[in-house]
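Here are the chains, one letter per residue:
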Amino acid sequence: METDTITAISTPIGEGAIAIVRLSGPKAIPVTAGLFQGKNLLDVDTHTIHYGKIIDPATNDVAEEVMVSVMRAPKTFTREDIVEINCHGGMVAVNRVLEIVLGEGVRIAEPGEFTKRAFLHGRIDLSQAEAVMDLIRSKTDKAMSVALKQMDGRLSELIGQLRQELLETVAHVEVNIDYPEYDDVEEMSNEMMRSKSKEVHAEIEELLQVAKQGKILREGLGTAIIGRPNVGKSSLMNTLVQENKAIVTEVPGTTRDTIEEYVNVRGVPLRLVDTAGIRETEDIVEKIGVERSRKVLKESDLILFVLNYNEELTIEDEKLFEAVQGLDYIVIINKSDLEPKLDMNKVNELAEGKPVISTSLIKEEGVDEMESAIAKTFFAGELDAGDLTYVSNIRHIQLLKQAKQALEDAMGSLDMNMPLDIVQIDVTRTWEFLGEIIGDTASDSLIDQLFSQFCLGK
Ligand code: GDP
Ligand code: ZN
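Just so you know, these numbers come straight off a predicted model, no measurement behind them. (Residues numbered from 1 in each chain as written. Chains lettered and ligands numbered in written order. Predicted model: local features only at pLDDT ≥ 70, side-chain atom pairs only at ≥ 80, totals over all residues. Heavy atoms only, no water.)

A. Layout of a nonpolar patch on the surface. Where nonpolar side chains cluster on the molecular surface, the patch consists of Met-416, Met-418, Ile-422 and Ile-425 and spans about 370 Å² of accessible area. Topologically, Ile-425 is positioned in helix α14 (residues 420-437). (Patch = residues over 30% accessible without salt bridge, like charges linked within 9 Å, V, L, I, M, F, W, Y side chains within 5 Å. Areas by Shrake-Rupley, 256 points an atom, 1.4 Å probe, with all protein chains shown as cover. Salt bridge = Lys/Arg side-chain N within 4 Å of Asp/Glu carboxyl O. Helix = DSSP H or I, 4+ residues; strand = E, 2+ residues; numbered from the N terminus.)

The following block contains the structure:
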C-alpha cells in the first residue's frame, strides 16, 4: 500500500517545555535527514536519538536546536518509519520547524491520523484506536489515566468476556437444535438463557453508567458563570484560570467553533464554555427570557451563579434562580469583604439546598471552599477515576445501548416463552453490537466461531 508521509505537532499534555514535530511515512527519515545538521540520519540505528540542528533550506539559517528520534518500521506506533523532532524553543520554534518540514512534500496530518494508521496496519484494535483519540483530546491527568487504561485493552477484554458468554449460550442452543442426538449436552433451558442474559445485561448497564462520568472527564465539565453585571463573574473566571493554570492542548487541525477555556479544579476538568455567550452572562434572562435561558443553561453540567453580598437581591437575581431551578449549580456570594446587604435567609431558601459559598475574590478568600464545592458536585467525594473502566466514547456508548436493547428484546421473548431459536437471534445481535466496539466484523461466520468455541467432545 502506497502511503504518503504525514506530520503534526504533538504537544505533551500539561505544561511541557518540549514540543515535538512528528513525522510518519516513507519520507519521514529522508526528509528529516535532508534538513538536519548532525549525524547522517539515513545511517543511524533504529530507536536512537540525535542532537543537531534543523536548517531552513530557504535561508540556510539554523531554525532550531533539536533532538531527533529515529524509529524505523515496523516496530513503531504506526508501523511506518517515524521521526520525532524535539524542539525546546516553545511554540514559535516548533511552528517554524513544522513549516519547514511541510515545504518538503510532507502533508499535515488529520487529527488522529497517526492512530488511524496504527489501526489500519493492525497495530491496535478499534477500541484501542479510539482510546488513543480520547487521549489526544483528554484534558487532565485523570482523564488521561482513563484513556490509558482503555488503551491497555481493558475495555476490549471486558467486551470480549461478555461476547464469550453470549457465544457459549448461542452455541449451546445451536447444538441442542442441530444435534439433538448428543444427549450428553445439557439442554439449554429458558431459565438458563434468562439468567445468562440478565448477567450480561447488568454488565452492560454498569458500563453505560460510568460512561457519563467518563465523558465528563474527557470533555470537561461544561461550566457557565452567570450573574448580574458587576457581581464578579470576570474576577471569578480569572481566579479559576490563574489558580488552576489553564490546560491547553493544541491538536493541529482541530477547529473549535466556540471559545473554551479548560481549567483543572482538584482533578475535575472544567470547560468554561462560551457557547451562545453563556460563559459570562450578564443579561441572559433579560435577553432571551427565563424559559429559553433555562434551555441554554441546561446544556451546562455546572452553573456558577454569582451574587453580590453588598447589594440587595433584585428581580433579576430571582429570575436567575428561577432559570437554574433543578439544575446543578453553586451559588457564590461574592464581595464578602464589603458591608452585608444581601438577605442570606432569602438566598438560602431560593437555593434549594445547593451549595452557597461566600467569597471575596478581590481578597482571595473563600476560593478553597468554592473549589471543594465544585469537586464535590462532580465526584460526590468518592469516585476514583483510576479504579473504573470507562466507556467514554460516543460510538461505544451508542453500541452498548444497542446491545442492551437487543438483549432486552431477547429477554422479552423469553418472557413470552418464545422458542429459544427465536430468542437467540437477538442474543446474536447483542453479540454483534458488542463486536463492533472492538472492530470485530460481525459478518465473520458465526458458525465457524461457534464450532471453534464449542467442541462437541471430538
Ligand atoms: P462582572 O461584571 O460580573 O464580570 O464583574 P467583574 O469581575 O468585572 O467585577 C466587577 C467589579 O467588582 C470590579 O471592579 C472588581 O474589582 C470588583 N470585585 C470583584 N470581586 C470583588 C470582591 O470580592 N470584593 C470587592 N470589594 N470587589 C470585587
Ligand atoms: Zn465581566
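Still more ground to cover, so stick around.
B. View of the pairing of strand β2 (residues 19-24). Counting buried positions along β2 yields 5 of 6 residues, so the element is predominantly enclosed. As defined by bridge partners, strand β1 (residues 6-10) adjoins β2 across 5 bridges and the pair is classed as antiparallel. Within β2, the residue paired with Ile-9 across the bridge is Val-21. Both β2 and strand β6 (residues 82-87) contribute to a ladder of 6 bridges, which runs antiparallel. Bridge assignment links Arg-22 to a residue of β6, and that residue is Glu-84. (Buried < 20%, exposed > 50% of the residue type's maximum accessible area, 1.4 Å probe, protein only. Pairing = 2+ DSSP bridges.)

C. Representation of the UniProt feature "binding site: Mg(2+)" (unreviewed entry) in the protein within the structure. Here the UniProt feature "binding site: Mg(2+)" (unreviewed entry) sits at Ser-234 and Thr-255. Given the relative accessible area of 38%, Ser-234 is considered partly exposed. (UniProt positions renumbered as here; feature names shortened; annotations may be inferred.)

D. Quick look at the sheet that holds strand β4 (residues 48-56). Taken together, the 7 strands give an open sheet; going across it, the order is β3-β4-β5-β6-β2-β1-β7, and neighbouring strands pair in mixed fashion. Across the chains shown, the open sheet's two edge strands, defined by having one partner strand only, are β3 (36-37) and β7 (107-108). One ladder, built from 2 bridges, connects β1 with β7; its direction is parallel. Residue pairing across strands places Ile-6 opposite Arg-107, the latter belonging to β7. This element, helix α3 (residues 113-120), spans β1, β2 and β7 of the sheet and lies at about 125° to β1. (Contact = heavy atoms within 4.5 Å. Axes fitted to C-alpha atoms, helices over the stretch in contact; angles between N-to-C directions.)

E. A look at the pattern of salt bridges. Counting across every chain of the model gives 12 salt bridges. Measuring nitrogen to oxygen at the nearest pair gives 2.5 Å for the salt bridge that ties Arg-194 to Asp-415. Of this pair, Arg-194 sits in helix α7 (residues 190-219) while Asp-415 sits in helix α13 (residues 394-415), and the two are 221 residues apart along the sequence. Judged by relative accessible area, Asp-415 falls into the exposed class, the value being 55%. As a salt-bridge pair, Asp-409 and Arg-429 come within 3.7 Å of each other at their nearest N and O atoms. Of this pair, Asp-409 sits in helix α13 while Arg-429 sits in helix α14, and the two are 20 residues apart along the sequence. The structure contains a network of salt bridges with shared partners spanning Glu-191, Arg-194 and Asp-415.

F. View of the site of ligand 1. Close contacts around ligand 1 come from 17 residues, with Asn-230, Lys-233, Ser-234, Ser-235 and Asp-337 the closest. At 3.0 Å from an oxygen atom of ligand 1 is found a main-chain nitrogen or oxygen belonging to Gly-232. A distance of 3.0 Å is found between an oxygen atom of ligand 1 and a side-chain nitrogen or oxygen belonging to Lys-335. Coverage of ligand 1 by the protein amounts to 75% of the 580 Å² it exposes when considered alone. Top contributing element to the shell around ligand 1 by residue count: helix α8 (residues 233-244), with 3 residues. Its residues assigned to classes, the shell around ligand 1 shows 5 nonpolar, 6 polar and 6 charged. (Near = heavy atom within 4 Å. Polar contact = N/O pair within 3.5 Å; in protein donor to acceptor, adjacent residues only side chain to side chain. Nonpolar A, V, L, I, M, F, W, Y, C, P; charged D, E, K, R; others polar.)

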